[in-house]
Amino acid sequence: MKAIRRFTVRTVLPDNIAALGRLAGNLRWSWHRPTQQLFERLDPVLWAKSHDPVALLGSFNREQLQALAADAALVEQVQALSADLDRYLSDDRWYQTLGSEAPASIAYFSPEYGISSVLPQYSGGLGILAGDHLKAASDLGVPLIGVGLLYAAGYFKQSLSRDGWQQETYPVLDPDGLPLTLLREADGTPAQVELPLPNERRLLAHIWRADVGRVPLLLLDSNVAGNDEAARHITDRLYGGGGDHRLQQELLLGMGGVKALRIYERLTGTPAPEVFHTNEGHAGFLGVERIRELMDTGLNWHEAQAAGRANTVFTTHTPVPAGIDRFEKLQVEHFFRAGLAPNVPIEKILALGAENYDGGDPTKFNMAVMGLRLAQRANGVAKLHGVVSRGMFSGLFPGFDTQEVPIASVTNGVHVPTWVDARIAALAKAKFGTESVVARQWDKVYDVDDEEIWNLRRELRSTLIDDVRRRLRSSWKKRGATDAELAWTKNVLDPDVLTIGFARRVPTYKRLTLMLRDPARLKALLLHKEHPIQLVIAGKSHPADEQGKRMIQDLVRFTDDPAIRHRIVFLPNYDIAMARTLFPGCDVWLNNPLRPLEACGTSGMKAAINGGLNLSVLDGWWDEMYDGDNGWAIPTANPSTTSGTDSVVSPEERDDIEAAALYDLLENQVAPRFYGEAAEGAAAAGPSAPVAPSDRLPHQWIAMIRHTLANLGPAVSAERMVEDYVRQLYTPACAAGRDARAADFAVARDFAAWITRVRAAWPDVSVEHVDSLGVSDNPQIGDPLRVNAYVRLGKLSPSDVCVEVAHGQVGEGDELDQTGFDALSFKEDLGEGRFLFSGEVMIDRSGSFGYTVRVLPLHDSMAAKAELGLVANAN
Ligand SMILES: *Cc1c(COP(=O)(O)O)cnc(C)c1O
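Residue numbering note: each chain is counted from 1, following its sequence as written. Thresholds applied to this predicted model are a pLDDT of at least 70 for local features of residues and 80 or more for the giving and counting of side-chain atom pairs; totals over whole chains, interfaces and linings are not thresholded and use all residues. The side-chain numbers reported here are obtained from all heavy atoms of the structure, hydrogens and water having been left aside.

In the nomenclature of an unreviewed UniProt entry, the protein chain corresponds to Starch phosphorylase from the organism Crystallibacter crystallopoietes. UniProt annotates the protein chain under Catalytic activity (unreviewed entry) with the comment "[(1->4)-alpha-D-glucosyl](n) + phosphate = [(1->4)-alpha-D-glucosyl](n-1) + alpha-D-glucose 1-phosphate". UniProt positions are given in the numbering used here, feature names are shortened, and annotations may be inferred rather than shown by experiment.

Below you can see the structure in the form of structure tokens.
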């Protein structure tokens, strides 16, 4: 029989263990080992199966609960951990040492969050990063509020058909079984966000709150009774449909998200955010909603935009055009005509996403472009990605050199307590009395001897292998195999063989199948007599990406070969739970994207903090953190940093060259070093050789592990990342926002009026004539160069502009390189809008020296010279 209705009965816990409910309800347990150990103690079998405290508590009947409540030691543990949680939630932390210039509250918007496997609301790196951002913010005491959507089915679960084709299922989640609480009005009714939709329809959403340590995360859910069927499905799946479905998700996230925040402020007394962080373009409509709010208070469009931009931060996450959302302009217009922002001129909103630059499509509305136009501060997610992003968006800043495009970079990081293996933390605690890795004392690893490190690595590898065998058997059963056919899976992988991991989403640029370029060569590496390697591979393809699915199938078919299937496996359904065993268990983490298309990548960081060595193309984070001793760099056939496509070799040749380089590295450097001095002993003793005595240990390899932990540990941590955001972006954005708002928005009004005036006058601004004095026939370093610039400012005055000399080395085609800038001083009003500016430049280098002069708008409220995209260069 099927039930016609269902509801979840919440467990009522006896008073003295009631705090278990709090401990289960706050996701801090997901990175707090003592709390996990408490839940494990309640029912080790069930815990091992689900790692889900809410489900665990829900599984107990009354008698079991009474028995737990009668266990004095347990009660004491519950109360101690509850008190510990209280302290964690209220103690002063790093952020509380900052002055009052740090924002009182920060809103962080993201379309996905990967926090724990009990809340599967992520598809890949972007979501995991957002989850790690919230967790690190919580640990540091940063007053962040997360905003996102609650997807009824999250992202899909992946399995394989018999012939290796990806199968997708979407298990529907029951919000009542998740660690969420519904935000309610004082009268008990659910708090509700409402947006108008075309054809007199409306979109309602409830607001669920998850607690990520100290950080509340608000998730909007459109599956509510007041919605029609179509509106109920808007939050059905993460990145589910295209077109209208996606657009409505993003309108709900951005505009609905700000409304949800306002409700949350009203109900809880939380201060209004002083900074808004748009994590990738998907959430960009938050800027439009904030403009709508400001225009409701009487500001005009320009003033509202200036005030909104001042304290908005935009992070771009991808150099791959397909990763950027673009809608039809008409489609966006259609939705705004329904009255989403009735007081805001629609043509202004449409202009925010317009691709009105070379190569742009006038029919499209581009979410990343809107993100940049609505944020005064923007960043990419690694140094190289900053360079690539400045190139990618340089069309928005015509007349400026690429390096002046105002997009900075903050390199991503990973939340160490989540991603470091419990045994590493435990070893640190046993040896040093503190989980030193978590306490940031990474250099303590130099005090651990080789044997201990090597034994621990083998243990982690063995745990992974057990997990791989279990997953492989279960996958083969789903593929239709019987137990009798699966005896071989008991011997898959070997705990003494060099283990290499590769797991990530499967877009083309990540090149899942590069390793298959020369199958015979890979086979030889897997089966090498002295230096074998083994590979663990995983990854989901976007459901609509046939090419990705074909790559998975090619790989799975390769791994199905009985000659090598004990050395290479593909594991379906890559997710957080798998990742937490996979990263620590791999000796080497492989990454071979098409440079420079990997914005940052974080999986290699998670491997590194567990003592894994990276073997990667110099892309994303590895480009800045590879130092020659912490892993290996796979050479790139096309070292261009500005685009992934302007190859000097064909894509086919490029794959051949880079695959060959990968095989060479594995064969000649990685594998020999791993087996090191232990090679003869271990090989002679066969595959199940006991751990080698210490004089046989691969000391060089272990030295690389130590070096990796000590140096990369602090650099890749999400705490470093969040501190960078606070210092470099949140605090300056907060200052600009406060400034803009002071005295009834006086500065924002002034800035907006000035921008309007400057834009109107700019066509008449030019450099008319430049002359220079003081250069002898034989110029030398240190000689001064006197520059007089005669500029035409039209209706502007000298105080509206900055006149600069740009000087540097002159390359081919007279391009300036290593450019420096010196401002010239206003000297004389020549009448009729003409002015003389002059100053001295020091000739600071030998060789070919060149200079030019330019005029830029200048205002105290500007954060970057290129911000308005206005410049008049001498020609
Ligand atoms: C870390 C992680 C990712 C992101 O990895 P990239 O290196 O950025 O591709 C994706 N999925 C899971 C489950 C992860 O843990």
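S.K.: Would you mind going over the UniProt feature "domain: DUF3417" (unreviewed entry) in the protein chain with me for this structure?
M.R.: Residues given the UniProt feature "domain: DUF3417" (unreviewed entry) here are residues 13-119. Taken end to end, residues 13-119 is 53% helix and 6% strand, and its first and last C-alpha atoms sit 23 Å apart. Starting at the N terminus, helices and strands are each numbered in turn, a helix being any DSSP run of H or I of at least four residues and a strand any DSSP run of E of at least two.

S.K.: For this particular structure, what's the right way to read the pairing of strand β25 (residues 801-810)?
M.R.: Regular strands show a simple pattern: their side chains alternate between the two faces of the sheet. Counted residue by residue, β25 has 8 buried out of 10 residues, so it is predominantly covered. In this scheme, strands are said to pair when DSSP sees at least two bridges between them. In this sheet, strand β29 (residues 849-857) lies alongside β25 in antiparallel orientation, the contact comprising 9 bridges. Residue pairing for β29: Gly808 is matched across the bridge by Gly850. Pairing of β25 with strand β26 (residues 816-823), which is carried by 6 bridges, proceeds in the antiparallel orientation. Paired with Ala806 across the two strands is Phe821, which belongs to β26. From the end of β25 to the start of β26, which pair antiparallel, there are 5 residues, and Gly813 there has a positive phi angle of about 65°. For each residue, the accessible area found with a 1.4 Å probe, counting protein chains only, is set against the maximum for its type, and the residue is called buried under 20%, exposed over 50%, and partly exposed in between.

S.K.: It is not clear to me how the sheet that holds strand β19 (residues 568-571) should be interpreted in this structure. Could you clarify?
M.R.: Two modes of strand pairing occur in sheets, parallel and antiparallel, and in both the strands are linked by backbone hydrogen bonds. Pairing in this open sheet of 6 strands is parallel, and the strands run β19-β18-β17-β20-β21-β22 from one edge to the other. The open sheet has two free edges, formed respectively by β19 and β22 (631-634), since each of these has just one partner strand. Strand-to-strand twist across the sheet, computed as the mean angle between neighbouring axes with direction ignored, equals 20°. Relative to β22, strand β21 (residues 613-617) is paired through 4 bridges, and the arrangement is parallel. To get an axis, a line is fitted to the C-alpha atoms, and for a helix only the part in contact is used. The angle between two axes follows their N-to-C directions and goes from 0 to 180 degrees.

S.K.: Quick question: what am I supposed to make of unusual backbone geometry here?
M.R.: Leave glycine aside and you will find that most residues have negative phi; peptide bonds, for their part, are mostly trans. Here Arg595 and Pro596 are connected by a cis peptide whose omega angle stands at 0°. The backbone of Glu200 sits at a positive phi, close to 60°, despite the residue not being glycine. For Glu200, a relative accessible area of 81% gives the class exposed. Even without glycine at this site, Glu832 takes up a positive phi of about 55°. Residue placement: Glu832 occurs in the loop between β27 (825-831) and β28 (834-842). Classification of Glu832 by relative accessible area gives exposed; the value is 78%.

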